[in-house]
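Each chain, letter by letter, is given below.
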Amino acid sequence: MNIKEAAKLTGLSNDTIRYYERIGLIMAVPRKENQLRDFTERNINQLNFAKTMRNAGVSVERLREYVGMVFDNDDKTIPARKELLQEQADEMQERIDKMQAAHDHLLYKIDNYDSHLRQAEDRLDK
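Positions within a chain are numbered from 1, following the residues in the order the chain's sequence is written. Per-residue local features of the predicted model are confined to residues with pLDDT of at least 70, and side-chain atom pairs are confined, for both listing and counting, to 80 or more; whole-chain, interface and lining totals are unaffected and use all residues. By convention in this description, side-chain values take in all heavy atoms of the structure and omit both hydrogens and water.

## Describing the overall build of the protein chain
Only runs of H or I of at least four residues qualify as helices and only runs of E of at least two qualify as strands under DSSP, and these elements are numbered from the N terminus. Within the protein chain, the secondary structure is distributed over 6 helices and 0 strands. Listing the helices and strands of the protein chain from first to last along the sequence gives α-α-α-α-α-α. Dimensions of the protein chain, computed from C-alpha atoms along their principal axes, come out at roughly 70 × 35 × 20 Å. Here, residues are in contact when the closest pair of their heavy atoms is within 4.5 Å. Contacts spanning at least 24 positions in sequence make up 42% of the contacts within the protein chain whose residues lie at least 6 apart. When the accessible surface of the protein chain is totalled, it reaches about 9,200 Å², and 51% of it is carbon and sulfur. One way to put it: in the protein chain the 21 positive side-chain charges average out to a point 5 Å from where the 23 negative ones average out. With residues, only the protein chains shown are counted as cover, and all accessible areas are computed by Shrake-Rupley using a 1.4 Å probe. In this tally, Asp and Glu contribute negative charge and Lys and Arg positive charge; neither His nor the terminal groups of the chain are included. A charged residue contributes its charge at one atom only: NZ of Lys, CZ of Arg, CG of Asp or CD of Glu.

## With respect to the packing of helix α4 (residues 60-72) against helix α5 (residues 78-111)
Following both chains from N to C, one finds α4 and α5 inclined at 155°, their axes separated by 10 Å at the closest point. Taken together, the axis directions place α4 and α5 in an arrangement best described as roughly antiparallel. Here the hand of the crossing between α4 and α5 comes out left-handed. Only A80, R81, L84, L85, E87 and Q88 of α5 make contact with α4, whose side of the interface consists of R62, E65, Y66, M69 and V70. Axis geometry follows a simple rule: fit a line to the C-alpha atoms, using only the stretch in contact for helices, then measure angles between N-to-C directions, giving values from 0 to 180 degrees. Angles below 35 degrees are treated as roughly parallel, those above 145 as roughly antiparallel, those between 65 and 115 as roughly perpendicular, and all remaining angles as oblique. Working rule for handedness: look at the near helix, and if it is turned counterclockwise from the far one by less than a right angle, call the crossing left-handed; if clockwise, right-handed.

## Observations regarding the packing of aromatic side chains
What counts as a ring pair is set by centres within 6.5 Å for rings of Phe, Tyr and Trp (its six-membered ring), and what kind of pair is set by the plane angle: stacked under 30 degrees, edge-to-face over 60, tilted for all other angles. All told, the structure shown has 2 aromatic pairs when counted by the stated rule. Note on Y19 and Y20: the rings are 6.2 Å apart at their centroids and 45° apart in plane angle, and the pair reads as tilted. Think of it in three bands: with a 1.4 Å probe and only protein chains considered, a residue is buried below 20% of the maximum accessible area for its type, exposed above 50%, and partly exposed in between. The partly exposed category is assigned to Y19, whose relative accessible area is 32%. When its relative accessible area of 7% is taken as the criterion, Y20 is described as buried.

## Things to note about the packing of helix α1 (residues 3-10) against helix α3 (residues 41-55)
In contact at an axis separation of 10 Å, α1 and α3 are set at 45° when each is read in the N-to-C sense. Classified by the angle between their axes, α1 and α3 sit oblique to one another. Two packed elements cross with a definite hand, and for α1 against α3 that hand is right-handed. Between α1 and α3, the contacting residues are A6, L9 and T10 on the first element and I44, L47, N48 and K51 on the second. Its residues assigned to classes, the contact of α1 with α3 shows 4 nonpolar, 2 polar and 1 charged. Three classes are used, and their members are as follows: Ala, Val, Leu, Ile, Met, Phe, Trp, Tyr, Cys and Pro are nonpolar, Asp, Glu, Lys and Arg are charged, and the others, Gly among them, are polar.

## Some words on the pattern of salt bridges
Salt bridge, as used here, is a side-chain nitrogen of Lys or Arg placed within 4 Å of a carboxyl oxygen of Asp or Glu. All told, the structure shown has 4 salt bridges when counted by the stated rule. With its nearest N and O atoms 3.1 Å apart, the salt bridge here joins D15 to R18. Note that D15 and R18 are positioned in helix α2 (residues 14-22) at a spacing of 3 residues, about one turn of the helix. Of the residues examined, D15 reaches a relative accessible area of 58% and is grouped as exposed. R37 serves as the salt-bridge partner of E21, at 2.6 Å between the closest nitrogen and oxygen.

Encoded structure:
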């Protein structure tokens, strides 16, 4: 499949796909005789994984570190891979907790708008 089809399938832009390949977040994409990329199912799976990890807040550097270990295919790196994933999950949980607290605060403000927030807004205007 070509890059346009890969982009449509993954929801990533052509530029992002090229960037992910260039920096090693996905393995090199095979080329046709005319040098156009010919994405395989494996490439699509790698792109989807990279997209999911980036959406989870994993930095490009940490993701490169992780996929480097995976692409080396050395079982000795499994503990390090698991540790990296756990660290990322812990960081994500911290972000979720902060977002949940902010969300709860907003809902409180909405629920108490007339009795509390409206008067506070009036004081800001004076």
